[in-house]
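Remarks on the overall topology
For reference, the chains in residue letters:
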Amino acid sequence: MMIMKGRALRATATAAMLAVFGAPVMADELFYVSGAVGNAVENFKTLVKPWEEATGHTVTLVPMPASTTDQFGQYRLWLAAGATDIDLYQTDVIWAPQLAEHFVDLTEAAKDLAPQHFPSIIESQTVNGKLVALPIFTDAPALYYRKDLLEKHGKTPPKTWAELAETAKFIQDAERAEGKADLWGFVWQGNAYEGLTCNALEWVKSFGGGQIVEPDGSISINNENAAAALEAAKSWVGTISPEGVLAYQEEEARGVWQTGNAVFMRNWPYAYGLGNGDDSAVKGLFGVTTLPVGKEGDTSAATLGGWNVAVSKYSTKQEAAISLAMYLAGPEAQKQRAIAESNLPTIIALYDDADIAAAQPIIPQWKDVFLNAVPRPSAPTLGKYNEVSAKFWSAVHNTLSGNGSAAENLELLEVELTDIKGSAW
Ligand code: GLC
């Protein structure tokens, strides 16, 4: 009887949602791989529950390392081997051209959903006319600052990187003198991985030093402004930022920040909701603003990030997987994710959603920031982006570690990139 009841209930719920998700032939168990940052893993069960209930399918999240670089390495191995046990991959915005051949074309399935998203984001996931992944959230970093500490010391949020360094040092010194021995001025992501490419692109671009490789494919990184940007960042290490920042990724920076031990932090919007959580030492004490510039008159640069969902060509449960991808990229899941994880939606209408604005004020505030964000050169460098980025973050990491000057390392980088490029990207 009980079983009949359960089935009957499920059948009713399923019937109600058939129009949206399509008729399930049988219940499939899907596997979804995704990096584990912030509360994403914790929230996933709640996020997918409505879809599971509506379709009768189930999905298990397979958590990956937090580093996007490590995820990429693992995904590439699985995909090259044609692994059938992973149905969906959560993919970084920069990967579309490199992984396109392994994913199902979602153009037809998403023909009504895609126009609800920002066109530039859909475009970033379209490779030779194939929609390789559906956007689930976009990303553009903020400068997080401690309102209470700035106010106490009569400072305002900095406009230039030099001002940031000065304010950070001033408050760090003053607070340490009062006994706050663990306080640091500025935390960010200095580990040798994709996150450092994001941070360093922001310094370089906001110092007028270009975008490493320009949209037309030319290699621009070996220039004086870029070198000045990297030298400025180097001067932070061991002064306003701990030496350990050279091993930090997003979560390490957030750890220092959220325990109240940093005046400033560079991080993505996911840290906003968590920073205001009940277990956070900085709850209600911080604000967000755009990243600083090199000098007055320069433009602030935020690297464009973001995540998508792709369906594996090797999945044996493609119909259910496409249904889940559509759900995760759709308005219901994006709204839940925005409220629970402070991730920026890619659906235009959600920027006018009152519930989202009330729960996570950064979201409507950040619309213009991400719309003006600087893309990494993954489009012009095509299948070679990962190599380009790895060379760039290594040159930057060497500079920050005191292993060669910025000018020397950028000169060498130019030679390496020219070699990778060959006659054409
Ligand atoms: C964030 C961004 C992603 C980027 C990564 C680097 O997750 O959304 O695009 O590659 O950070 O660490």
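Residues numbered from 1 in each chain as written. Predicted model: local features only at pLDDT ≥ 70, side-chain atom pairs only at ≥ 80, totals over all residues. Heavy atoms only, no water.

1. Regarding the nonpolar core
Just so we agree on the cut-off: Definition used in this section: a nonpolar core is a set of buried Ala, Val, Leu, Ile, Met, Phe, Trp, Tyr and Cys residues joined via side-chain atoms within 4.5 Å. Throughout this description, buried means an accessible area under 20% of the type-specific maximum (1.4 Å probe, protein chains only), exposed means over 50%, and partly exposed covers the range between. Only DSSP runs of H or I covering at least 4 residues are called helices, and only runs of E covering at least 2 are called strands; the numbering of each starts at the N terminus. As used throughout, domain bounds are those supplied by an automatic or database domain assignment.
Ranked by internal contacts, the top residues of the largest apolar core, which has 83 residues, are Tyr144, Phe186, Trp188, Trp203, Ile221 and Phe264. With seven residues, helix 9 (residues 224–236) is the single largest residue contributor to this core. Taken domain by domain, this core gets at least three of its residues from each of domain 1 (2–139 + 305–373) and domain 2 (142–303 + 376–421). Among the nonpolar cores identified, the runner-up in size contains 50 residues, and Ala96, Ala310, Leu324 and Tyr327 belong to it.

2. Thoughts on the domain arrangement of the chain
Counted only if it meets this: By definition, a salt bridge exists where a carboxyl oxygen of Asp or Glu is found within 4 Å of a side-chain nitrogen of Lys or Arg. Definition of a polar contact: a pair of N or O atoms within 3.5 Å, with one able to donate and the other able to accept a hydrogen when the atoms are protein atoms, and with sequence-neighbouring residues admitted only if both atoms are side-chain atoms.
Domain boundaries assigned for the chain yield domain 1 (2–139 + 305–373) and domain 2 (142–303 + 376–421). Domain 1 and domain 2 are separated by 29 Å when their C-alpha centres are compared. For the interface between domain 1 and domain 2, the tally reads one salt bridge. Residue arginine 376 is joined to aspartate 92 by a salt bridge in which the shortest nitrogen-to-oxygen separation is 4.0 Å. Connecting domain 1 to domain 2 are seven residue pairs in polar contact (both at pLDDT 80 or more).

3. Re the confidence of the model for the chain
Any region with low pLDDT has predicted coordinates that should not be read closely. Inclusion rule: pLDDT is defined as a per-residue confidence score from the predictor, taking values between 0 and 100. Here, residues are in contact when the closest pair of their heavy atoms is within 4.5 Å.
Averaged over the chain, the pLDDT score is 94; the fraction of residues at 70 or greater is 94%. For residues 1–12, every residue scores under 50 in pLDDT, and the model assigns this stretch one contact once sequence neighbours within four places are set aside.

4. Some details on the site of the ligand
Applicable threshold: Nearness here has a simple test: a residue counts as near a molecule or strand if at least one of its heavy atoms is within 4 Å of that partner. Only the protein chains shown count as covering a residue, and every accessible area follows the Shrake-Rupley method with a 1.4 Å probe. Here a cavity denotes grid points, spaced 1 Å and computed from the protein atoms alone, that fit a 1.4 Å probe unable to get out, and a pocket denotes an open set having protein on both sides within 12 Å along at least 5 of 7 lines; residues with an atom within 4 Å of a point are the lining. In this scheme, a molecule is assigned to a cavity or pocket if more than half of its atoms are within 2 Å of the grid points. Amino acids outside the nonpolar list (Ala, Val, Leu, Ile, Met, Phe, Trp, Tyr, Cys, Pro) and the charged list (Asp, Glu, Lys, Arg) are all regarded as polar, and Gly is one of them.
Near the ligand there are 13 residues, and of these Asp92, Asp139, Glu250, Gly306 and Arg376 occur at the shortest range. A distance of 2.5 Å is found between an oxygen atom of the ligand and a side-chain nitrogen or oxygen belonging to aspartate 92. At a separation of 2.6 Å, an oxygen atom of the ligand approaches a polar side-chain atom of glutamate 250. Within the complex, 93% of the 310 Å² of free accessible area of the ligand lies under protein. Under a 2 Å grid-point criterion requiring more than half of the atoms, the pocket assigned to the ligand is the largest cavity. Elements with a minimum of two residues in the shell around the ligand: helix 8 (194–206) and strand 11 (305–311). A per-class count over the shell around the ligand returns four nonpolar, four polar and five charged. Composition of the shell around the ligand by domain shows at least three residues from each of domain 1 (2–139 + 305–373) and domain 2 (142–303 + 376–421).

5. Quick look at the pairing of strand 9 (residues 262–267)
Successive residues of a regular strand alternate their side chains across the two faces of the sheet. Rules: When DSSP finds two or more bridges between two strands, those strands count as paired.
Within strand 9, six of the six residues are buried, leaving the element largely enclosed by the surrounding structure. Pairing geometry for strand 7 (residues 142–146) and strand 9, over four bridges, is antiparallel. The residue of strand 9 that forms the bridge with tyrosine 145 is phenylalanine 264. Pairing analysis gives three bridges linking strand 8 (residues 184–187) to strand 9, with the strands arranged parallel. Residue pairing in the sheet places phenylalanine 186 in a bridge with phenylalanine 264 of strand 9.

6. Thoughts on empty space enclosed by the protein
Using the following cut-off: Grid points are joined across faces, edges and corners, and a volume is the space filled by probe spheres set on the points.
According to the stated counting rule, one finds three cavities of 30 Å³ or more in the structure shown. Of the volumes computed, that of the largest cavity is approximately 460 Å³. Along the walls of the largest cavity sit 32 residues, with Val37, Ala66, Phe137, Asp139 and Trp307 positioned nearest its centre. Breaking the lining of the largest cavity down by element, the ones donating at least two residues are strand 1 (29–35), helix 2 (40–55), helix 3 (68–80), strand 3 (88–92), strand 6 (134–139), helix 8, strand 11 and helix 13 (331–341). No other element matches helix 2, which puts four residues into the lining of the largest cavity. For the lining of the largest cavity, a count of residues per class yields 13 nonpolar, 12 polar and seven charged. Viewed by domain, the lining of the largest cavity spans two of them, domain 1 (2–139 + 305–373) and domain 2 (142–303 + 376–421), each represented by three or more residues. Considering the residues around the second largest cavity, the lining is formed by Thr68, Thr69, Phe72, Ile94, Trp95, Gln98, Glu194, Tyr385 and Asn386.

7. Thoughts on the sheet that holds strand 9
Note the threshold: For helices, the fitted line uses only the C-alpha atoms of the stretch in contact; every axis is such a line through C-alpha atoms, and the angle between N-to-C directions lies from 0 to 180 degrees.
Pairing is mixed across the open sheet formed by four strands, whose spatial order is 8-9-7-10. Edge positions in the sheet fall to strand 8 and strand 10 (286–289), since each of these pairs with one other strand and no more. Across this sheet, the average inter-strand angle for adjacent strands is 15°, counted without regard to direction. Pairing between strand 7 and strand 10: four bridges, direction antiparallel. Within strand 10, the residue paired with arginine 146 across the bridge is phenylalanine 286. The sheet strands contacting helix 10 (residues 250–258) are strand 7, strand 8, strand 9 and strand 10, and the helix crosses strand 9 at an angle near 155°.

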